[in-house]
Amino acid sequence: MTEKKPSSAEVTAKFKQYLFPSNATYYAEPVAIESGKGTHVRDYDGREYLDFFGGILTVSVGHANERVNAVVRAQIERLGHVSTMYPTLPVADLAEKLVKLAPGKLDKVFFCASGTEADETAVALAQAHTGRQEVIALRHGYSGRSMLAQSLTAHAKFRIVSTQVAAVKHAHAPYCYRCPFGLSYPSCELKCAQDIEDLIQTTTVGQVAGAIFEPILGVGGFVTPPPGWMKLAVEIVKKYGGIFICDEVQTGFGRTGGKMWGIEHEGVEPDVMTMAKGIANGYPVSAVLTTAAIADAWKGGNISTFGGNTISCAAANATIDTIARDKLLQNGSAMGNVLREGLEALKAKYPGIGDVRGRGLMQGLELVRDEKAGDRTPSVETTLRLLEETKKRGLLIGRGGLYGNVLRVAPALIVPKAEIDEALKILDESFAAATR
Ligand SMILES: Cc1ncc(COP(=O)(O)O)c(C=O)c1O
């Protein structure tokens, strides 16, 4: 006898009954997803969607990718989990691949299970290496949900307790569209980066352990620093004895087009790099990369039970091989350009689109009351309507930004032009419907 398949409503009802109420879902009626293939997912009622959010920028080479699945299946049959107490080939191979792919002199890897844990490890490493405690993070930045990560994170919405780690100091974000100093680039002379010197001189002991910066602020709504910001900000942090932690959790693995890492667009070498999300096409693993000298500073014991899980590491190896074999960095760059051009055309058409920003296949639209009339009041209601309208037409996209008024458009790196065109058409129709 075959079991009766549940409906989307039944799955959602059970999910809502048992999960924490804080486990938010998109849409008035959530999309309960039963299966996925490539850039498409299907709900429990059989409805198909074009997925331009990919499990929050995680499914980098497409749902149920055949190469990743084959490697994962073989690994499951061979060995599941033993921890990094025992050397295994998938773990050693992944470490080698990451070191070869990493910019600069990062040649040691620590595996853990989430972006939160990677950021936590990186900050502890900076403190152990420098012997100092204070760390610079960015307003609008996101690091995750542990106590330290919540303290690093600068979005009230993601904090349930006040800043617990007093050593974290928040610099202004390089958020040109809403410049914290009311200036414009380039005449601002990067005031927001220069201000980091003032932050260090006035709120710290005068020397810092380091700074953690995302090359593009993901949860912050794809806020993209202007040219030169990263270089100047890192120079100032180094002048005061700190190291640079680059958080590539969202921007890594080809997301920004043409390059493996977001930081490669900036001409700056990180001392520590954290990564998660797209690393294993949806399997849980994260990594911290650093130099041998910095890694040596961790004198205590160090084990993350699920870090270096063989199945996740095998999936990551297959993801990296797929990106190389199928030239997905190039596709990300080419398709990113098509997407960006289409979004700019929408901006010219709809006054509610205030800003288009991002790189490669990481593009955001900030929605405001009326850009043409100079009214940049965040338009949260329209953003929510846009989500509903795009869903109605079979397109899944994400939302972000401090005010919740940024649409995040981030398909898998395998996306073909026809699907970018389809998504742009749906967005156009949805803007027409939502702003009527
Ligand atoms: C830039 C950045 N860092 C860290 C994290 C935390 O990752 P995780 O949710 O895997 O703990 C996230 C998650 O969205 C992120 O975007």
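See the structure shown above.
Residues numbered from 1 in each chain as written. Predicted model: local features only at pLDDT ≥ 70, side-chain atom pairs only at ≥ 80, totals over all residues. Heavy atoms only, no water.

A word on the sheet that holds strand β6 (residues 168-171). Spatial ordering of the open sheet is given by β4-β10-β9-β8-β7-β5-β6, a layout of 7 strands whose pairing is mixed. Each end of this open sheet is capped by a strand with a single partner; those strands are β4 (108-112) and β6. Strand after strand, the sheet turns through a mean of 20° between neighbouring axes, direction not considered. Here 5 bridges tie β4 to strand β10 (residues 286-290), and the two strands are oriented antiparallel to one another. Of the residues in β10, the one forming a bridge with Phe111 is Ala287. Across the sheet, helix α4 (residues 89-101) lies against β4, β9 (272-275) and β10, angled at about 125° from β4, the strand it touches most. Seen against the sheet, helix α8 (residues 229-239) touches β5 (135-138), β7 (210-213) and β8 (243-247) and runs at an angle of roughly 160° to β7. (Pairing = 2+ DSSP bridges. Helix = DSSP H or I, 4+ residues; strand = E, 2+ residues; numbered from the N terminus. Axes fitted to C-alpha atoms, helices over the stretch in contact; angles between N-to-C directions. Contact = heavy atoms within 4.5 Å.)

This part covers helix α10 (residues 310-325). In this model α10 runs 22 Å from its N-terminal to its C-terminal C-alpha over 16 residues, within 8% of the 22 Å that 1.5 Å per residue would give. For α10, a buried count of 13 out of 16 residues is recorded, marking the element as mostly surrounded by other parts of the structure. The opening residue of α10, the one whose side-chain oxygen lies 2.9 Å from the backbone nitrogen of Ile311, is Asn309. (Expected span 1.5 Å × (residues − 1). Buried < 20%, exposed > 50% of the residue type's maximum accessible area, 1.4 Å probe, protein only. Polar contact = N/O pair within 3.5 Å; in protein donor to acceptor, adjacent residues only side chain to side chain.)

This part covers the environment of Gly258. Note that Gly258 resides in the loop between β8 and β9. In this structure Gly258 comes out as partly exposed when scored by relative accessible area, which is 40%. Remark: the alpha-carbon pair of Gly258 and Gly360, spanning 102 residues in sequence, is separated by 7.5 Å. In this structure, Gly258 is in contact with Leu329 and Ser333, ignoring residues within four places of it in sequence.

As a further point, take the sheet that holds strand β1 (residues 33-37). On the basis of which strands lie adjacent, the open sheet formed by 4 strands has the order β1-β2-β3-β14 and mixed pairing. Whereas interior strands pair on both sides, the edge strands pair on one side only; in this sheet they are β1 and β14 (395-396). As defined by bridge partners, strand β2 (residues 40-43) adjoins strand β3 (residues 48-51) across 3 bridges and the pair is classed as antiparallel. Residue pairing for β3: His40 is matched across the bridge by Leu50.

With 13 residues, helix α12 (residues 380-392) should cover 18 Å at 1.5 Å per step; its first-to-last C-alpha distance of 19 Å lies within 8% of that length. Those residues of α12 that sit buried are Thr382, Thr383, Leu386, Leu387, Glu389, Thr390 and Lys391. Next to the buried residues of α12 lie β3, β12 (362-370), β14, β15 (398-400), β16 (406-409) and α13 (417-434). Looking at the residues trailing α12, positive phi occurs at Gly394, about 85°.

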